[in-house]
Amino acid sequence: MYLADGWKDYTIIDAGNGAKLERWGDVTLLRPDPQAVWTMEDRPCDATYIRSQSGGGHWEFSRSLPESWKINYRDLTFIVRPTGFKHTGLFPEQATNWDWMRSLIKQRQRPTRVLNLFAYTGGATCALLKEGAEVCHVDAAKGIVAWAKDNVAACGLSDRPVRYIVDDCVKFVKRELRRGNRYDGILMDPPSYGRGPTGEMWKMEDDLFALVSDCAQLLSDEPCFFLLNSYTTGLAPSVLKNVLRLTLPTGDCDADEVGLPIQRRGLVLPCGASGRWTMTN
Ligand SMILES: C[S@@+](CC[C@H](N)C(=O)[O-])C[C@H]1O[C@@H](n2cnc3c(N)ncnc32)[C@H](O)[C@@H]1O
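This is a predicted model, so every value here is computed, not measured.

A. Structural view of the domain arrangement of the protein chain. According to the domain assignment, the protein chain contains domain 1 (2–67) and domain 2 (92–279). Here the C-alpha centroids of domain 1 and domain 2 sit 26 Å apart. Across the contact, 20 residues belong to domain 1 and 23 residues belong to domain 2. Note on domain 1 versus domain 2: buried area summed over both sides is about 1,800 Å², and carbon and sulfur give 63% of it. On the surface where domain 1 and domain 2 come into contact, there are 2 salt bridges. For the interface between domain 1 and domain 2, the tally reads 11 residue pairs in polar contact (both at pLDDT 80 or more). Those elements that place two or more of their residues in the side of domain 1 that touches domain 2 are β1 (2–3), β2 (10–16) and β3 (19–24). The element that contributes the greatest number of residues to the side of domain 1 that touches domain 2 is β2, accounting for 6 residues.

Put into structure tokens, the structure is as follows:
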């Protein structure tokens, strides 16, 4: 398993009853998690996300919380806040992928251009910029891209080479192909379902293979890595590995579950899967 066990400011205190009790800095949140099918003792927390029958949900607060607050991961700083859809603006399990990409860029010791698709609030973008890469950050949601800019500023990286693009990822990649742009690293973390800024439908099962195939042609002559993450669909790691092997040049290809340690009982909470590709030396 790719285990994100390097956090100090974030912990899964316990999990069960279809939920996870988390510490984000000095704030404790209880959020739904369908993977936590075993039981857990109830514990007090600062806010609980209540799912509603009709989809979505709301937060119930046991104490007043700041609108947002900051947490650190190693030398990075992120702004988190409880949002309408139980999200907090960060996927802590992705830290294992941030570290992997940073170690490859460090080894490479030359300029590295990276394309980050479905890039959300920029967790990976911050990690890549910190390691000296140039990043193209693409996401369909304007507000989310603004949040990414705030995270980059919170990391003190606003002067680094980053391009923010509010667009549909499929359309953007096709345009980059026409323009002849190339990247040394590519990562994507698509949702199961999504929409582009003008309603373009994204459906993981139907669209993933074509998008990865297009992205494979965007790789430079000296590619560094390709990361394919799937956090919701339940696609098995071996599926991600097959997709990478079928679309990318000969290289080292691996895939595994991604997970976070559960402090109280020494268990691990699975949080999707990642496929990782690097060029064979
Ligand atoms: C939950 S995020 C992925 C998490 C992110 N990789 C991270 O670790 O920080 C999925 C993102 O995909 C974006 N999205 C969904 N459909 C899209 C599309 N067709 N084109 C571009 N972005 C899309 C959403 O706005 C959302 O920010």
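B. Looking closely at the pairing of strand β4 (residues 27–32). Of all the 6 residues making up β4, 5 are buried; the element is thus mostly covered by neighbouring parts of the structure. Where β3 meets β4, 6 bridges bridge the pair, whose relative direction is antiparallel. Paired with K20 across the two strands is R31, which belongs to β4. As consecutive antiparallel partners, β3 and β4 are separated by 2 residues, and within that stretch G25 has a phi angle of approximately 70°, a positive value. Sheet analysis places β4 next to strand β5 (residues 47–51), joined by 2 bridges and oriented parallel. Across the sheet, the residue bridging to L30 is T48, located in β5.

Rules used in this analysis
Residues numbered from 1 in each chain as written. Predicted model: local features only at pLDDT ≥ 70, side-chain atom pairs only at ≥ 80, totals over all residues. Heavy atoms only, no water. Domains from an automatic or database assignment. Contact = heavy atoms within 4.5 Å. Buried area = accessible area lost by both parts, 1.4 Å probe. Salt bridge = Lys/Arg side-chain N within 4 Å of Asp/Glu carboxyl O. Polar contact = N/O pair within 3.5 Å; in protein donor to acceptor, adjacent residues only side chain to side chain. Helix = DSSP H or I, 4+ residues; strand = E, 2+ residues; numbered from the N terminus. Buried < 20%, exposed > 50% of the residue type's maximum accessible area, 1.4 Å probe, protein only. Pairing = 2+ DSSP bridges.

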